[in-house]
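Survey of secondary and tertiary structure
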Amino acid sequence: MNELQQHWRRHKSYILYLLAVYVLGWGFSSYEKIFLSLIIGTIIGLFNTWTLIRRVERLGRAVILGERVVSLGMLSRMAAATLGAIFALRYPEHLSIVWIVVGLMTSYIVIMIDFFFQKNKGEER
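Residues numbered from 1 in each chain as written. Predicted model: local features only at pLDDT ≥ 70, side-chain atom pairs only at ≥ 80, totals over all residues. Heavy atoms only, no water.

Residue placement: histidine 11 occurs in helix α1 (residues 3–28). In this structure histidine 11 comes out as buried when scored by relative accessible area, which is 9%. Side-chain polar atoms of histidine 11 contact the side chain of aspartate 114, separated by 2.8 Å. Other than its neighbours up to four places away in sequence, histidine 11 contacts Val110, Ile111 and Asp114. (Helix = DSSP H or I, 4+ residues; strand = E, 2+ residues; numbered from the N terminus. Buried < 20%, exposed > 50% of the residue type's maximum accessible area, 1.4 Å probe, protein only. Polar contact = N/O pair within 3.5 Å; in protein donor to acceptor, adjacent residues only side chain to side chain. Contact = heavy atoms within 4.5 Å.)

What follows covers the pattern of salt bridges. Applying the stated criterion to the full structure yields one salt bridge. Taking the shortest distance from any N to any O, the salt bridge between arginine 10 and aspartate 114 comes out at 3.0 Å. Of this pair, arginine 10 sits in helix α1 while aspartate 114 is found in helix α4 (residues 97–124), placing the two residues 104 residues apart along the sequence. A residue is classified by how much of its surface remains accessible, and aspartate 114, at 3% relative accessible area, is buried. (Salt bridge = Lys/Arg side-chain N within 4 Å of Asp/Glu carboxyl O.)

Once that is clear, we can look at helix α3 (residues 74–90). With 17 residues, α3 extends 24 Å from end C-alpha to end C-alpha; this agrees with the ideal 24 Å at 1.5 Å per step. Turning to α3, its buried residues are Arg77, Ala80, Gly84 and Ala88. Axial view of α3: buried residues confined to an arc of 90°, hence all on one face. What points out from α3, more than 90 degrees from its buried face, is the exposed set Leu75, Leu89 and Arg90. (Expected span 1.5 Å × (residues − 1). Arc of directions from axis to C-beta.)

Taken N-terminus to C-terminus, the directions of helix α2 (residues 32–65) and α3 make an angle of 175°; their axes are 10 Å apart at the nearest point. In terms of orientation, α2 lies roughly antiparallel with respect to α3. Residues Ile44, Phe47, Asn48, Thr51 and Leu52 of α2 touch α3, and the partners they reach there are Arg77, Ala80, Ala81 and Gly84. For the contact of α2 with α3, the per-class residue count stands at five nonpolar, three polar and one charged. (Axes fitted to C-alpha atoms, helices over the stretch in contact; angles between N-to-C directions. Parallel < 35°, antiparallel > 145°, perpendicular 65-115°, else oblique. Nonpolar A, V, L, I, M, F, W, Y, C, P; charged D, E, K, R; others polar.)

Here is the structure:
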């Protein structure tokens, strides 16, 4: 398994644990609006990260084979994020656009935190 796949598996498991915490918060707290927004934003962010990983792998294969790749799918990731914002604007009594955006950024925050942990882990050796 290549390094990118190892990172993806680790990040995916962290995000799924966070989603489990969000679901518990949605079910057992009085902050249903915040947790539901975090759930939707994090799912969209996880989807965006997954599509980016797939496109990067495709780009790597294309470079090795000397083929051409159209894009890394920025438009589809922006469309998914826009869909989350549309949900928040359509159902403001159930969702908060601010927390959907925080959920969208969860993948990137997890990636940065994991990077620092892995970097510090490598320096301890």
